[in-house]
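Coordinates in review
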Amino acid sequence: MEKRLSRSEAVRQILDGIVREVVSGGAVAYMADKVRRFDDGVKIPMRSWSLCNQMIAFFQGTRDARTFNAWKEVGRHPKKGSHAFQIVAPIFKTEKDEATDEEKRVLSGFTLINEFRIEDTEGAELPYQTRMRELRIDELPLIDVAEKLGIKVRADLCGSAEGSFSPAEKIIRMNCADKQVFLHELSHGIIAEIKRKEKVRLDYGFEEICAELSSAFLGSLYGVDVDLQNTKAYIHGWAGKGHVAWKVIEAVDWTEKIYRFIEEIREKSRKQEEKEMKIFSARNAAKSAMANVLPFKTEDFKDRSQIYNPKIGKWVKRDSKTGLFTSVKGDGKPFSRVKIEETAFGEVAKRLPDDLPPAA
């Protein structure tokens, strides 16, 4: 009979298998077209801008900005009340070289050009916007962990990358619908939390190795289709001149930290849900108990009094404001919690036995 592995043993076995694959020999070519980005094959003009202008657009919070006419060409236009931002563009003029008699372009100055963010436009949907609907955020693995950490996830452009994580904004931007890419970026988010708590810093390249190893491990653990060849190529690419095996072994420690962090969050969430369920059950039980109790008032009836009518041998309720009689008690006994009027008949009626039959 095959021995059943414990949870910790199964986790260690998965991680060990990934590590052996990553540090083993063989091809490590990264397949760039393995993951289809939302912007694949889509021309985005600002990517040919100077780095300075791209930074201006970045600080405006956009990954796609164009002039009014450029948006018009693709069937979009700025929304009413939206404002443009400006970038710097060079101005060239053509001059003839007196020595060679050839024409050449010469920089003559700079000008400002108005650009509108895609977020401030409306109209025809661009191809990458259509593809972005392929991302089902609620179906991403460990999305509950991201929510517990206050990390938002959204489809967005990320330049040449498939995804990105911003520690300052606590946002994961997905430029594809690949679940392993999401786990990679979520690992960055968890690493950021661990670094904050432990007050440590990681080399940028080493953190990329940790995030990629973690994404392969978490994907294998939670049933995601993991491409270990791309993982292997990615880690080898970031290892640089350092020995891959030593880098990966060092990254294992961080992968385990990430896993324990996730388990702790889920355990806290489970306990909180159990606590809330107990409170909910207790409240429902209390409501059920109250529902079985007759809805009698606990206070005496106000603005009501009663007198005994000896002719019919019954108690009659009276509205003390109008003086009108409102109802008669059929069993010959007084109404409960209704004031008895001080009358001669009332004093006699108080002394009558409870089992006295009503008058005919």
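Residues numbered from 1 in each chain as written. Predicted model: local features only at pLDDT ≥ 70, side-chain atom pairs only at ≥ 80, totals over all residues. Heavy atoms only, no water.

Side note on the layout of surface pockets
Take a probe with the size of a water molecule and roll it over the atoms, and the empty space left behind shows itself. Roughly 830 Å³ of volume is contained in the largest pocket. Lining the largest pocket we find 32 residues, and of these Gly163, His184, Glu185, Glu208 and Tyr234 sit closest to its centre. Elements supplying a minimum of two residues to the lining of the largest pocket: strand 7 (163-166), helix 6 (179-198), helix 7 (204-221) and helix 8 (228-239). Among the elements that take part in the lining of the largest pocket, helix 6 stands out by supplying seven residues, more than any other. Among the residues forming the lining of the largest pocket, the class breakdown is 13 nonpolar, seven polar and 12 charged. Within this model, the second largest pocket holds a volume of roughly 370 Å³. Lining the second largest pocket are 16 residues, with Gln54, Phe58, Arg63, Cys158 and Gly159 sitting closest to its centre. (1 Å grid on protein atoms, 1.4 Å probe; cavity = no way out; pocket = protein on both sides within 12 Å on 5 of 7 lines; lining within 4 Å. Points joined across faces, edges and corners; volume = space filled by probe spheres on them. Helix = DSSP H or I, 4+ residues; strand = E, 2+ residues; numbered from the N terminus. Nonpolar A, V, L, I, M, F, W, Y, C, P; charged D, E, K, R; others polar.)

Overview of the environment of Gly159
One can find Gly159 in the loop between strand 6 (152-155) and strand 7. Relative accessible area serves as the criterion here: at 30%, Gly159 is assigned to the partly exposed category. For the pair formed by Gly159 and Asp64, sequence separation is 95 residues and the distance between their alpha carbons is 9.9 Å. (Buried < 20%, exposed > 50% of the residue type's maximum accessible area, 1.4 Å probe, protein only.)

Some thoughts on the sheet that holds strand 9 (residues 304-309)
The strands making up a sheet associate through backbone hydrogen bonding, with each pair oriented either parallel or antiparallel. Within the open sheet, the four strands sit side by side as 11-10-9-12. Their pairing is mixed. The open sheet has two edge strands, strand 11 (325-328) and strand 12 (339-340), and neither has a second partner. With two bridges connecting them, strand 9 and strand 12 associate as parallel partners. Following the sheet pairing, Ser305 is matched in strand 12 by Lys339. (Pairing = 2+ DSSP bridges.)

A few points about the packing of aromatic side chains
Following the criterion strictly, the structure yields five aromatic pairs and no others. An angle of 70° between the planes, with centres 5.7 Å apart, marks the rings of Phe58 and Phe59 as edge-to-face. For Phe58, a relative accessible area of 42% gives the class partly exposed. Every member of this aromatic cluster is reached through a ring pair, and the members are Tyr204, Tyr234 and Trp238. One residue, Lys329, lies across the ring of Phe335, its end atom 5.9 Å from the ring centre. (Phe/Tyr/Trp six-rings, centres within 6.5 Å; stacked < 30°, edge-to-face > 60°. Lys NZ or Arg CZ within 6 Å of the ring centre and 35° of its normal.)

With respect to the pattern of salt bridges
A full pass over the atoms with the stated rule returns 23 salt bridges. Note that Asp40 is salt-bridged to Arg37, the shortest N-O span being 3.5 Å. Linked through salt bridges whose partners overlap, the residues forming this network are Arg37, Asp39, Asp40 and Arg47. (Salt bridge = Lys/Arg side-chain N within 4 Å of Asp/Glu carboxyl O.)

Here's the deal with the packing of helix 6 against helix 7
Running from N to C, helix 6 and helix 7 cross one another at 125°; their axes reach a closest spacing of 8 Å. Between helix 6 and helix 7, the crossing angle belongs to the class labelled oblique. Considering the relative orientation of helix 6 and helix 7, their crossing is right-handed. Mapping the contact onto sequence places Gln180, Leu183, His184, Ser187, His188, Ile191 and Lys195 in helix 6 and Glu207, Glu208, Cys210, Ala211, Glu212, Ser214, Ser215, Ala216, Leu218 and Gly219 in helix 7. (Axes fitted to C-alpha atoms, helices over the stretch in contact; angles between N-to-C directions. Parallel < 35°, antiparallel > 145°, perpendicular 65-115°, else oblique. Left-handed = near helix turned anticlockwise from the far one by under 90°. Contact = heavy atoms within 4.5 Å.)

As for unusual backbone geometry
Phi angles above zero are rare outside glycine, and Leu142 is one such case at about 65°. Positionally, Leu142 belongs in the loop between helix 4 (127-132) and helix 5 (143-148).

Quick look at the sheet that holds strand 8 (residues 171-174)
If you trace the three strands from one edge of the open sheet to the other, you get 6-8-7, paired in mixed fashion. Bordering the open sheet on either side are strand 6 and strand 7, each of which pairs with just one other strand. Within this sheet the neighbouring strands show an average axis-to-axis angle of 15°, counted without direction. Where strand 7 and strand 8 come together, four bridges link them in antiparallel fashion. In the strand pairing of strand 8, Phe165 is matched with Ile172. The sheet contacts of helix 6 involve strand 6, strand 7 and strand 8, and relative to strand 7 the element is tilted by about 15°.

A look at the side chain of Arg76
Residue placement: Arg76 occurs in strand 2 (residues 76-78). As a buried residue without a salt bridge, Arg76 has its nearest oppositely charged side chain in Glu125, at a separation of 7.1 Å. Engagement of the side chain of Arg76 in a polar contact is seen with the backbone oxygen of Thr121, the distance being 2.9 Å. At 2.8 Å, the side chain of Arg76 and the backbone oxygen of Ala124 are in polar contact. Excluding its chain neighbours within four sequence positions, the residues that come into contact with Arg76 are Trp71, Ile118, Thr121, Glu122, Gly123, Ala124, Glu125, Leu126 and Gln129. (Lys, Arg positive; Asp, Glu negative; His and termini not counted. Polar contact = N/O pair within 3.5 Å; in protein donor to acceptor, adjacent residues only side chain to side chain.)

Observations concerning the nonpolar core
If you look at the biggest cluster of nonpolar residues, it comprises 64 residues, and the most contacted ones within it are Tyr128, Ile172, Met174, Phe182, Ile190 and Phe217. Element by element, the count of residues in this core is highest for helix 9 (residues 244-291), at 10 residues. Setting aside anything within four residues of it in sequence, one finds Phe217 in contact with Val11, Ile14, Leu15, Ile18, Thr255 and Tyr259. (Core = buried A, V, L, I, M, F, W, Y, C linked by side-chain atoms within 4.5 Å.)

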